[in-house]
Amino acid sequence: MEPASALELLAEEALDEGREDGQSILQFVCAGSAAGVAEHLAVFPLDTVKTHLQAGGAARGAAGVAADVVKSRGVGGLWRGAAPTMLACLP
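Remember, predicted model here, so these are calculated numbers, not experimental data.

A cluster of nonpolar side chains, Leu41, Val70, Val75 and Trp79, forms an exposed patch at the surface whose accessible area comes to about 320 Å². Assignment of secondary structure puts Leu41 in helix α2 (residues 25-57).

Structure representation (structure tokens):
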């Protein structure tokens, strides 16, 4: 068996492992991508606050840091820089 065929077989087996009967590989991959995007959208504001806390905002606490970000950049500031992370989730 040549290496390319072995990799293809391995990839097919890995994709088949979590799929339900009748679900295409495209549906499976798109569902996984959507789940990744949803997860990152939900958690990204927490990561933004954590980063600001680590950069010296610990004295204000998480709520204070979040309020500062919203005051200075608007609510969207909590998701600033999220686009590259979202793009990495796409198939």
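All right, on to the environment of Val65 then. Looking at where Val65 falls in the secondary structure, it is placed in helix α3 (residues 61-73). Between the C-alpha atoms of Val65 and Leu53, which are 12 residues apart in sequence, the distance is 7.0 Å. Setting aside its immediate chain neighbours within four residues, Val65 contacts Val49, His52, Leu53, Gly57 and Arg60.

Looking now at the packing of α2 against α3. Interhelical geometry of α2 versus α3 gives an angle of 105° and a closest axis separation of 9 Å. With respect to α3, the element α2 is oriented roughly perpendicular. Facing Val49, His52, Leu53 and Gly57 of α2, the residues of α3 in contact are Gly61, Ala62, Val65, Ala66, Val69 and Arg73. Here the residues of the contact of α2 with α3 sort into 6 nonpolar, 3 polar and 1 charged.

Definitions and cut-offs
Residues numbered from 1 in each chain as written. Predicted model: local features only at pLDDT ≥ 70, side-chain atom pairs only at ≥ 80, totals over all residues. Heavy atoms only, no water. Patch = residues over 30% accessible without salt bridge, like charges linked within 9 Å, V, L, I, M, F, W, Y side chains within 5 Å. Areas by Shrake-Rupley, 256 points an atom, 1.4 Å probe, with all protein chains shown as cover. Salt bridge = Lys/Arg side-chain N within 4 Å of Asp/Glu carboxyl O. Helix = DSSP H or I, 4+ residues; strand = E, 2+ residues; numbered from the N terminus. Contact = heavy atoms within 4.5 Å. Axes fitted to C-alpha atoms, helices over the stretch in contact; angles between N-to-C directions. Parallel < 35°, antiparallel > 145°, perpendicular 65-115°, else oblique. Nonpolar A, V, L, I, M, F, W, Y, C, P; charged D, E, K, R; others polar.

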